[in-house]
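What follows is the residue order along each chain.
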Amino acid sequence: MSGATPVLRDSEHYFFELSKFEGLLRDWFAGKFTGGKPVANSGVAAKLREWLDGGLKDWDISRDAPYFGFPIPDAPGKFFYVWLDAPVGYLASFKALCDRTGLKFDDFLGADSSAEMHHFIGKDIINFHGLFWPAMLHGANFRTPTALHVNGYLTVNGAKMSKSRGTFIQARTYLDAGLHPEFLRYYFTTMLSDAPVDVDLDLKAFEERVNSHLVGKWVNIASRTAGFVQKYFDGKLAATFGTEEVALWQTLLSHYDGIDKLYEDGEFAEVTRRFVLMADLVNGHIAAKAPWLMAKDEAQRDALHQVCSFALAAFRLLAGLLKPVMPATVAAAEQFLAAPIASFDDARRELHGHTVNAFEPLLARIDPKRIEAMVEASKESLGAAPEAPTPSKKKAMHNDTSPAAPSPESRVPSPATISIDDFAKLDLRVGKVVACEFVDGSDKLLRFELDAGLLGKRQIFSGIRAAYGEPDKLLGRNVVFIANLAPRKMRFGLSEGMILSAGDGGSDLFLLDADQGATPGATVR
């Protein structure tokens, strides 16, 4: 590049004898130190074992000056490699906290510590945290981490962050635009599982998801019912639920079961899917009962009391589900309810006969102008962003057979109309999932094998892995697929159709289902 002639030099280097820790690392991967619990997602653990099985090489931990970082004692001109000292810096920060607050460092890091230590890292540095760091800790007579939680990369509006486009967004710029920090926490939660999948901050989807899920579904439950409880019942909830409410409460609890395990396993997107499902059930019940109409009829006071009391108990149940994601917002909800949520189990209380405070709005819908202001404030004078290619010049960038989520620019108010003849060209069928599995080499695809009745078996690759991180749970489900789509040859195999789903894309996808009784191969009309 420069035209200069390279100069070869001899240099003495220092090595960490990683090869001596192979047994320790294999025991750690196997869960020997965590009661049998896996220390990482199966794909991450498999990658780490590849390095073990290939033979561990000793790790070069020195760099020659000029170099940033810490000089090696008694070794002039030598510095510790940054990935040796960086994790030590994490613990140095924690040690400073212990010294300041009176905590005992060894209670958390000692070799016999019963505490849990979790690492949240990017997928490009798993060798440092999954091989070198555990070995370093063990060699220094400290405990090994409980688990590694590995995240993928973050894009904004489907592309790398860009200063010219205003999508290189800093936390301060986000806050200065008046956007609630917990909105971003919730949005990311809707897409994260224990797998190291990439995450896209689609600003339009972010706005829609917050306004729909949090304001339109959750807060809406309290705002539609709390006023009636104050006006007619002095804020006191009913002593019992009605018959319908009792049955619906049990349904809600069945969806709520296992929430603590989902959090523990890092299946955060599944938590939010259940949150939306439960909120829809509650709002559907409120809409069916129409308390605003019931309030006009004094003869329905008891029924009104039960409907609104059920709604506020369900609002609290959902608040318990959200508390790890949105602690500040839920704290405000707890103050309104006058019922702090001590645990996931505590959120199950029906609050019979309990008195709540007057309701005040918890969250406001995102004004798109705030997002526009954030983007503008993030731009730098680096020249205009390149124009988007015309439709004729666009190239296909996806090799799955599921429809991609539309970009903000491509969203239109209403779809183009078609004739009944156009619709008749689609052969929609019911298929029963008889096999579903991850696809090696793809972090988007799942491979389905469907029983399509008289049509035989169909293999379909679908880009819904971010939404369904546990493919085994899809076995036996009825799905809807396009049976007369031309087969597509992919590098993973032949895809023979397209499975239909609803949502914005990524983890916000939901398979269409068919009621029990629909047989494999049945035509969808």
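Residues numbered from 1 in each chain as written. Predicted model: local features only at pLDDT ≥ 70, side-chain atom pairs only at ≥ 80, totals over all residues. Heavy atoms only, no water.

Caption draft 1: Structural view of the overall build of the protein chain. Scanning the protein chain for helices and strands turns up 16 helices and 17 strands. Considered along the principal axes of its C-alpha atoms, the protein chain spans approximately 90 × 65 × 50 Å. Counting over 525 residues, the protein chain shows a buried share of 43%. For the protein chain, the accessible surface area stands at approximately 28,100 Å², while carbon and sulfur atoms represent 55% of it. Taking the average location of the 58 positive side-chain charges in the protein chain and that of its 66 negative ones, the two points are 3 Å from each other. (Helix = DSSP H or I, 4+ residues; strand = E, 2+ residues; numbered from the N terminus. Buried < 20%, exposed > 50% of the residue type's maximum accessible area, 1.4 Å probe, protein only. Areas by Shrake-Rupley, 256 points an atom, 1.4 Å probe, with all protein chains shown as cover. Lys, Arg positive; Asp, Glu negative; His and termini not counted. Charge placed at Lys NZ, Arg CZ, Asp CG, Glu CD.)

Caption draft 2: Quick look at helix H2 (residues 42-53). Taking 1.5 Å per residue, 12 residues should reach 16 Å; H2 reaches 16 Å between its end C-alpha atoms and fits that length. Within H2, the full set of buried residues consists of Val44, Ala45, Leu48 and Leu52. When H2 is viewed along its axis, its buried side chains cluster within an angular range of 95° and face the same direction. Residues Ser42, Glu50 and Asp53 are exposed on H2 and point more than 90 degrees away from its buried face. Where H2 is buried, its residues meet helix H1 (22-29), helix H5 (126-139) and strand E6 (147-151). Measuring from the side-chain oxygen of the N-cap residue of H2 to the backbone nitrogen of Gly43 gives 2.8 Å; that N-cap residue is Asn41. Looking one or two places after H2, you find Gly55, whose phi comes out positive at around 95°. (Expected span 1.5 Å × (residues − 1). Arc of directions from axis to C-beta. Contact = heavy atoms within 4.5 Å. Polar contact = N/O pair within 3.5 Å; in protein donor to acceptor, adjacent residues only side chain to side chain.)

Caption draft 3: Quick look at the pairing of strand E5 (residues 118-122). Residues of E5 alternate between two faces, with His119 and Ile121 buried on one and His118, Phe120 and Gly122 left unburied on the opposite face. Relative to E6, E5 runs parallel, the two being bridged by five bridges. Residue Phe120 lies in a different strand from E6, and its bridge partner there is His149. In terms of handedness, the path from E5 via H5 over to E6 forms a crossover that is right-handed. (Pairing = 2+ DSSP bridges. Right-handed = clockwise from strand over helix to strand, strands pointing away.)

Caption draft 4: Layout of H1. Considered for burial, the residues of H1 that qualify are Leu24, Leu25, Trp28 and Phe29. Along the axis of H1, the buried residues cluster in a sector spanning 130°; they form a single face. Residues of H1 that are buried in the fold lie against H2, H5 and E6. Following H1 by one or two positions, Gly31 adopts a phi angle in the positive range, close to 85°.

Caption draft 5: Representation of unusual backbone geometry within the structure. Residue Pro66 is reached from Ala65 by a cis peptide bond, and omega for that bond is 0°. Tracing the sequence through the fold places Pro66 in the loop between strand E3 (62-64) and strand E4 (78-80). Despite not being glycine, Asp234 shows a phi value in the positive range, around 55°. Along the chain, the position of Asp234 falls in the loop between helix H8 (203-233) and helix H9 (243-256). Take Asp234: its relative accessible area is 67%, and that puts it in the exposed class. Residues other than glycine seldom take positive phi values, yet Leu351 does so here, at roughly 60°.

Caption draft 6: Structural view of the side chain of Glu207. Its location among the elements puts Glu207 in helix H8. Judged by its relative accessible area of 11%, Glu207 is buried.

Caption draft 7: Region of interest: the confidence of the model for the protein chain. Counting all residues, the mean pLDDT for the protein chain is 88, and 93% of those residues have values of 70 or more. Every residue in residues 381-413 is under pLDDT 50, and counting partners more than four places away or in other chains gives 41 contacts. (pLDDT = per-residue confidence, 0-100.)

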